[in-house]
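Read off the chains here:
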Amino acid sequence: MLRAPLLRGSGTKTVTRRKHKTFRQSSRVTAIRSYHESKPMLIRKSPELRYSQVTPRAAYLNRRHFLAAGIGGLAALRQAKAGAKLSASKSSFSTSEPLTPLEAITHYNNFYEFGTDKEDPSKNAYKLKTSPWTVKVEGAVAKSTVLDLDAIFKIAPLEERIYRHRCVERWSMVIPWIGFPLNALLKKVDPTAKAKYVAFESLYDSKSMLPSAFAGINFPYIEGLRMDEAMHPLTLLAVGLYGENLPNQDGAPIRLVVPWKYGYKSIKSIVKIKLVEKEPPTTWNLSASNEYGFYSNVNPERDHPRWSQTKERRIGEFRLRDTVKFNGYGDQVASLYNGMDLIRKYY
Ligand code: MTE
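Bear in mind that the values here come from a model prediction, so they are computed numbers and not experimental data. Along each chain, numbering runs from 1 in the same order as the chain's sequence is written. The predicted nature of this model means local features are confined to residues of pLDDT at least 70 and side-chain atom pairs, given and counted, to a pLDDT of 80 or more, with totals for whole chains, interfaces and linings taken over all residues.

## Side note on the overall build of the chain
Secondary structure elements follow DSSP: runs of H or I of four or more residues count as helices, runs of E of two or more count as strands, with numbering from the N terminus. For the chain, the count of helices and strands is 11 helices and 15 strands. For the chain, the proportion of contacts with a sequence separation of at least 24, taken over those separated by at least 6, is 73%. Throughout, a residue-residue contact means that the two C-beta atoms, derived from backbone geometry, are no farther apart than 7 Å.

## So, the confidence of the model for the chain
This prediction gives the chain a mean pLDDT of 82; 76% of its residues lie at or above 70. Values of pLDDT, the confidence the predictor places in each residue, fall between 0 and 100. Contacts for the low-pLDDT stretch residues 3-82, under 50 throughout, to residues beyond four places or in other chains number 122 contacts.

## Considerations on the sheet that holds strand β5 (residues 145-148)
Pairing between strands is defined by DSSP: at least two bridges between them are needed. Taking strand neighbours across the sheet as the criterion, the 5 strands line up as β5-β4-β13-β8-β9 in an open arrangement whose pairing is mixed. The open sheet has two edge strands with one neighbour each: β5 and β9 (222-226). The mean angle between the axes of side-by-side strands here comes to 15 degrees, regardless of whether they run parallel or antiparallel. For strand β8 (residues 197-202) and strand β13 (residues 270-276), the ladder comprises 6 bridges, and the chain directions are antiparallel. Looking across to β13, one finds that Ser202 is bridged to Ile270. Whenever a helix is involved, its axis is fitted only over the stretch in contact; in every case the axis is a line through C-alpha atoms, and angles between N-to-C directions fall within 0 to 180 degrees.

## Some words on the pairing of β5
Looking at chain direction, strand β4 (residues 134-139) and β5 are connected through 4 bridges and run antiparallel. For Lys136, the partnering residue across the bridge sits in β5 and is Val146. Linking β4 to β5, which pair antiparallel, is a turn of 5 residues.

## Description of unusual backbone geometry
Omega for the peptide link from Phe219 to Pro220 comes to 0 degrees, which places this bond in the cis form. Put simply, Ala252 and Pro253 share a cis peptide bond, and its omega is -5 degrees. With respect to the element layout, Pro253 can be found in the loop between β11 (244-245) and β12 (255-257). One non-glycine residue, Asp190, lies in the positive phi region at around 60 degrees. Between the buried cut of 20 or more and the exposed cut of 12 or fewer other C-beta atoms within 10 Å of a residue's own C-beta lies the partly exposed class, and all C-beta atoms are placed from the backbone. The exposure class assigned to Asp190 is partly exposed, which follows from the 13 C-beta atoms found within 10 Å. One non-glycine residue with positive phi stands out, namely Tyr242, at about 50 degrees. Position of Tyr242 relative to the elements: it lies in the loop between β10 (236-241) and β11. Accessibility expressed as a C-beta count within 10 Å gives 22 for Tyr242, which makes it buried.

## Things to note about helix α7 (residues 182-189)
The complete set of buried residues in α7 reads Leu182, Leu185, Leu186 and Val189. Angularly, the buried residues of α7 cover 95 degrees about the axis, an arc narrow enough to put them on a single face. On the buried face of α7, the contacting elements are β4, β5, β7 (171-181), α9 (227-231) and β10. Of the residues one or two after α7, Asp190 is the one with positive phi, at around 60 degrees. In this context, the arc is that of the directions from the helix axis out to the C-beta atoms.

## Looking at the environment of Glu229
Position of Glu229 among the secondary structure elements: in helix α9. For the pair Glu229 and Tyr197, spaced 32 residues apart in sequence, the C-alpha separation works out to 8.8 Å. Ignoring any residue separated from it by four or fewer positions in sequence, one finds Glu229 in contact with Thr235 and Leu336.

## Focus: the environment of Asn110
Secondary-structure assignment places Asn110 in the loop between α4 (102-107) and α5 (120-124). On the basis of neighbour count, Asn110 is assigned to the buried category, with 22 C-beta atoms found within 10 Å. For the pair Asn110 and Pro121, spaced 11 residues apart in sequence, the C-alpha to C-alpha distance is 7.2 Å.

## Some points on the environment of Lys261
One can find Lys261 in the loop between β12 and β13. With 36 residues separating them in the primary sequence, Lys261 and Asn297 have C-alpha atoms 4.2 Å apart. Contact partners of Lys261, with chain neighbours within four places excluded, come to Ser296, Asn297 and Val298.

## Some points on the pairing of β10
Most of β10 is tucked away: 6 of the 6 residues are buried. Note: β7 against β10, 5 bridges, orientation antiparallel. Across the sheet, the residue bridging to Gly179 is Ala238, located in β10. Where β10 and β12 come together, 3 bridges link them in antiparallel fashion. From the neighbouring strand, Leu236 faces β12, where its bridge partner is Val257. Sheet topology note: the β10/β11 ladder contains 2 bridges and is antiparallel. Within β11, the residue paired with Leu241 across the bridge is Glu244.

Written out as structure tokens, the structure is:
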């Protein structure tokens, strides 16, 4: 997805033309049901940037080899199991925009540990064993701890937060997450004065997940936030969506959701949270530091070096939308970045 050669002269016009061409080229249209409506809806499955366009050829070929070797094979036909019902209160932080259908949220994913095409996680993530599960919370805290799932579900009352979700690849969705604010967990461990950043780590299980060399990024997947971003009330630890436990391909059993940042900050299947003094390394920044910054706030004024960020495609819609700075959450979060150069230095 996130790297490689393409889109020369990525001005808005060029990109728009190219996107329309991609739409016409793709004839795959899937009938799906929306959460709130019983009427079938039409969704076009056509990634903005095809994988072969944005991924180095070696990684692309390796992925094909991986699938041909049968690791994805027959078993890939199995689907990740649906989760248990969760009760959650409605949150005032929710948008009232129409929800993206569950089918799209669970079949158009980025979860490189389970494959690098959008449909791969839905085919392969059933291999993720989500129970037993623990999250280690450590570092600059007075009360380091290891939380099992029971403890995680008791940290704070669950809320339904309907957030916009914007990927750096220019597609977006609206997702009814279920979760609780990350700050509820952080307050429990009593951060010390040295806690300036929070580092997150995903599970990596070499038996059930793609090797790093095939995926083209290092595993375990790692991410980070500055402490004030982590403590912000919008920053969510999600344990479910659409009223049920998280589907595996969406990052079960617990993932981060930071709605004003590009989706790659929202790390899945978290096993470790460490409070640290220095800005922690992050997976996509390690992979291409000129393309993926630490902050990664949604920003139409800061193009990706290889494509424009002025427009986005909401999954299920035909017309492109304007990208909104901070993904529309500017009123709540813009002040976190006062005085920072979000174009050149802290993108
Ligand atoms: N977390 C892990 N562990 N592995 C990944 O490959 N992909 C990231 C992020 N979290 C990723 C991850 C990217 S690039 C995006 S856009 C979002 O997850 C996608 O979330 P979704 O599949 O639920 O839409």
